[in-house]
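Residues per chain, in single letters:
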Amino acid sequence: MLRSATLLHPLAVPPTTPRPRRRIGRRRGLVAAAVVLNQLAYGSVYSWSILSAGLQSPHSGFALGRDEAGLPFATMHALVFLGTVLGGVLMGRRGPRGIALLAGALYAGGFLLAGCADGRGDFWLVLLGYGVVSGFGLGLGYIVPTTLLQRWFPSHRALAAGVATGGFGLGSVLGAPLMRALVAHYSADPARALLVLGGLFLLTTLTGAAFFRNPPKPAVLPAQSAAPGHRPGQALRTPQWYLLTLILLCNTAAGISMLAVVAPAAGSLTGLSPTAAAALTGALGVFNTVGRPLWGWLSGRTGLMVAFVLMLLTQGLGLIALSQVGSPALFLPLAALVCLSFGGGFATMPATASEFFGLAHAGAIYGLMLVGWSLAGIAGPLLVSRLAADSGYRTAFLVLGAITVAAAVLPRLTSRPKPLPARSV
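Bear in mind the structure is a predicted one, so any value in this text is a computation, not a measurement.

1. Focus: the overall build of the protein chain
1) Next: On a plain count of helices and strands, the protein chain comes out with 19 helices and 0 strands.
2) Next: Out of the 425 residues belonging to the protein chain, those deemed buried represent 51%.
3) Next: Here the analysis covers contacts within the protein chain between residues at least 6 apart in sequence; of these, 84% occur between residues at least 24 apart.
4) Next: Total accessible area on the protein chain stands at roughly 18,100 Å², and carbon and sulfur atoms take up 68% of it.

2. Here's the deal with a positive patch on the surface
1) Next: A cluster of basic residues, Arg26, Arg27, Arg97 and Arg213, forms a positive patch on the protein surface.
2) Next: Examined against the element boundaries, Arg27 turns out to sit in helix α2 (residues 18-40).

3. Digging into helix α7 (residues 123-152)
Since the α-helix packs 3.6 residues into each turn, any two residues three or four apart lie on the same face.
1) Next: The first and last C-alpha atoms of α7 sit 43 Å apart over 30 residues, in line with the 44 Å expected at 1.5 Å per residue.
2) Next: Where burial is concerned, most of α7 is hidden: 24 out of the 30 residues are buried.

4. Section: the side chain of Thr414
1) Next: The residue Thr414 is located in the segment after α19 (393-407) in this model.
2) Next: Within polar-contact distance, the side chain of Thr414 engages the backbone oxygen of Leu410 at 2.9 Å.
3) Next: Residue contacts for Thr414: discarding those within four places in its chain leaves Gln240, Leu243, Leu244, Ile247, Met305 and Phe356.

5. Quick notes on the environment of Gly110
1) Next: Tracing the backbone shows Gly110 in helix α6 (residues 96-114).
2) Next: You can call Gly110 buried: its relative accessible area is 0%.
3) Next: Gly110 sits 84 residues away from Leu194 along the chain, and the two C-alpha atoms are 8.9 Å apart.
4) Next: Excluding residues that lie within four positions of it along the chain, Gly110 makes contacts with Gly129, Tyr130, Val133 and Ser134.

6. Here we look at the pattern of salt bridges
Oppositely charged side chains can form a pair if their charged atoms are brought close together.
1) Next: Summed over all chains, the structure comprises 5 salt bridges.
2) Next: For Arg416, the salt bridge goes to Glu355, with nearest N and O atoms at 3.2 Å. Taken as a pair, Arg416 in the segment after α19 and Glu355 in helix α16 (residues 328-357) lie far apart in primary sequence, 61 residues in all.
3) Next: Owing to a relative accessible area of 53%, Arg416 belongs among the exposed residues under this scheme.
4) Next: One network of salt bridges, in which partners are shared, links Arg157, Glu355 and Arg416.

7. Topic: the packing of aromatic side chains
1) Next: The full count for this structure, using the stated rule, is 12 aromatic pairs.
2) Next: Ring plane angle 55° and centroid distance 4.8 Å describe the contact between Tyr42 and Tyr107, whose orientation is recorded as tilted. Here Tyr107 lies in helix α6 and Tyr42 lies in the loop between α2 and α3 (48-56), a separation of 65 residues in the sequence.
3) Next: For Tyr107, a relative accessible area of 0% gives the class buried.
4) Next: Look at Trp241 and Tyr242: their rings are 4.8 Å apart centre to centre, the planes differ by 80°, and that puts the pair in the edge-to-face class.
5) Next: Of the residues examined, Tyr242 reaches a relative accessible area of 46% and is grouped as partly exposed.
6) Next: Taking the ring centre of Phe153 as reference, the NZ or CZ of Arg28 above it sits at 5.1 Å.

8. A look at unusual backbone geometry
1) Next: Of note, the phi angle at Ala63 is positive, near 50°, even though the residue is not glycine.
2) Next: For Ala63, the position within the fold is in the loop between α3 and α4 (66-69).

Thresholds, definitions, all that
- Residues numbered from 1 in each chain as written.
- Predicted model: local features only at pLDDT ≥ 70, side-chain atom pairs only at ≥ 80, totals over all residues.
- Heavy atoms only, no water.
- Helix = DSSP H or I, 4+ residues; strand = E, 2+ residues; numbered from the N terminus.
- Buried < 20%, exposed > 50% of the residue type's maximum accessible area, 1.4 Å probe, protein only.
- Contact = heavy atoms within 4.5 Å.
- Areas by Shrake-Rupley, 256 points an atom, 1.4 Å probe, with all protein chains shown as cover.
- Patch = residues over 30% accessible without salt bridge, like charges linked within 9 Å, V, L, I, M, F, W, Y side chains within 5 Å.
- Salt bridge = Lys/Arg side-chain N within 4 Å of Asp/Glu carboxyl O.
- Lys, Arg positive; Asp, Glu negative; His and termini not counted.
- Charge placed at Lys NZ, Arg CZ, Asp CG, Glu CD.
- Expected span 1.5 Å × (residues − 1).
- Polar contact = N/O pair within 3.5 Å; in protein donor to acceptor, adjacent residues only side chain to side chain.
- Phe/Tyr/Trp six-rings, centres within 6.5 Å; stacked < 30°, edge-to-face > 60°.
- Lys NZ or Arg CZ within 6 Å of the ring centre and 35° of its normal.

Next comes the structure, spelled out in structure tokens:
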């Protein structure tokens, strides 16, 4: 009787703790899914070569030269850095939803503007829309999800960053066949492909961004993650920031340089047909995507700096081995290993920035680090193309591999900075 009376008394009912945890878990899953959906559009940037070929076709209304057709892509990479810096700064002051909505509107809006170009006389619209407007939107939109998911998964930061950047990689895999089909359909005016993609990307980016929100701090943030940590100016005064940026540059340059020439290199070294080489390029995009969450998970077990040593060695030795192969059966797995580690750097470095400098300003600090991505995207392919033109692809891969192996010493020289005095924070 006493037991029954106690159970019926409203004050005697024990509080149910699993509900808040389940609610947080559902929110985490929703935000992670929204991040992947949001990032699909941004990954299409790696499909530019398909549109570039269409713009160079003498049967199109543009008939551009090779250098001229590369200008929008180069402009986009130059503007990405400015977008990431601004996005990182805003993440410390504003909620992620508004920034992501603005980024999606700019990125898709640039596509829509470029898609209005009608022939060579309107090429400036492609340069302005795709290069300037979408480039800035890309940088702004790329930095938000990596920072946001680390806030939701503070105990698994590298894996969270891997999921966010994995959405970007998946977008490159899905975007290539879609871009190819649209350019073939609009062969006389290939810029129209951007008009279709712009409408689609406006839908996906804004839908994903609508579900972005910061986590409830007491529920998911441990004490060390809630600490203010370094501000961007303070991080720039440490040698660690420059070492990490150099590591990101080297890790990115190895993979992006190989991808820039992989189709002609495969044909030259192994006799692979152009059709098979194009299929190889698409397959490598899958490994680039898988490498992001994979290395995010592995770095949680090996440690962040050990993971970078392994990624650089894998890429470097893989490139050296590629310089010696003559069989397509060996070329694919070696190139896949390079792409796995190339993608992994984009998952591991955001977590490293928050681990070294604190989570509060990690978005701004990592946004500044992405200057390494911009420099690698410009200098790496130029170096490999020049070496290939002068001495062939074997020499190009051998030199690039040796540089990357040598860079594997950098993570061993990089340690976490000393905590800041309380008054500096």
